[in-house]
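Coordinate inspection notes
Residues per chain, in single letters:
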Amino acid sequence: MPASRIEVISQTVGIFAENSYFLVEPSSLEAIAIDPGDEADRLLDVVRGRALTVRFILNTHGHIDHVGAVAEVKAATGAPFHIHEADLPFLEALPGQAAMFGLASPPVPGVDGHLKDGQVFTL
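Residues numbered from 1 in each chain as written. Predicted model: local features only at pLDDT ≥ 70, side-chain atom pairs only at ≥ 80, totals over all residues. Heavy atoms only, no water.

**Quick word on the nonpolar core**
Judged by nonpolar contacts, the single largest core of 25 residues is most densely connected at Phe 22, Val 54, Ile 57 and Val 73. A total of five residues in this core trace back to one element, the largest contributor, which is helix α1 (residues 40-49). Residue contacts for Val 54: discarding those within four places in its chain leaves Phe 22, Ala 31, Ala 33, Val 47, Thr 77 and Ala 79. Counting six residues, the second largest nonpolar core, distinct from the first, contains Ile 32, Phe 56, Leu 115 and Phe 121. (Core = buried A, V, L, I, M, F, W, Y, C linked by side-chain atoms within 4.5 Å. Buried < 20%, exposed > 50% of the residue type's maximum accessible area, 1.4 Å probe, protein only. Helix = DSSP H or I, 4+ residues; strand = E, 2+ residues; numbered from the N terminus. Contact = heavy atoms within 4.5 Å.)

**Points about unusual backbone geometry**
One non-glycine residue, Ala 17, lies in positive phi territory at about 50°. Among the secondary structure elements, Ala 17 is positioned in the loop between β1 (7-13) and β2 (18-25). Residue Asp 35 is not a glycine yet carries a positive backbone phi of 55°. Here Asp 35 lies in the loop between β3 (30-34) and α1.

**Remarks on the sheet that holds strand β4 (residues 53-58)**
Pairing between sheet strands relies on hydrogen bonds along the backbone, with the strands arranged either parallel or antiparallel. If you trace the six strands from one edge of the open sheet to the other, you get β1-β2-β3-β4-β5-β6, paired in mixed fashion. Both outer strands of the open sheet, β1 and β6 (113-114), are each paired with one neighbouring strand and no more. Along the sheet, α1 contacts β1, β2 and β4; its crossing angle with β1, the most-contacted strand, is approximately 155°. Against the sheet, helix α3 (residues 70-77) engages β4 and β5 (81-83), with an angle of about 150° to β4. (Pairing = 2+ DSSP bridges. Axes fitted to C-alpha atoms, helices over the stretch in contact; angles between N-to-C directions.)

**Examining the environment of Thr 122**
Relative to the helices and strands, Thr 122 resides in the segment after β6. The exposed category is assigned to Thr 122, whose relative accessible area is 60%. Remark: the alpha-carbon pair of Thr 122 and Arg 48, spanning 74 residues in sequence, is separated by 21 Å.

**Observations concerning the pattern of salt bridges**
What the rule picks out here adds up to five salt bridges. With a closest N to O distance of 3.0 Å, Glu 30 and Arg 55 form a salt bridge. With Glu 30 in strand β3 and Arg 55 in strand β4, this pair connects stretches of sequence that are 25 residues apart. Using a relative accessible area of 18% as the deciding quantity, one classes Glu 30 as buried. Judged by its relative accessible area of 39%, Arg 55 falls in the partly exposed class. Note that Asp 45 and Arg 48 form a salt bridge whose closest N and O atoms lie 3.0 Å from each other. Of the two residues, Asp 45 and Arg 48 are both situated in helix α1; the distance of three residues between them amounts to about one turn of the helix. Judged by relative accessible area, which is 46%, Asp 45 ranks as partly exposed. (Salt bridge = Lys/Arg side-chain N within 4 Å of Asp/Glu carboxyl O.)

Now the structure itself:
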């Protein structure tokens, strides 16, 4: 049987107008959240509205505009959070990043795995 086509849902969020994505396998409604940067409520509305099961949260890097909603999305979905090990200092510096822009600091998300070159995530 041929593989399903993955649907890409894009949401532009936050004061930095950062693009967050959901990769969705249509037949199972399993999803990967990528770069949930802000406005967790809006992102979770997509999850609830489409009845998605978020299996993974992946981040391209650890700047505040890309990780600001990770902790809330993780808490709501139970999905593990993965980011490259080299970006851990950015996560630890979230309070300082927020302060630079006069923002309240989002919670620093717990990391469940480190992204590696060639790693595959399956839905």
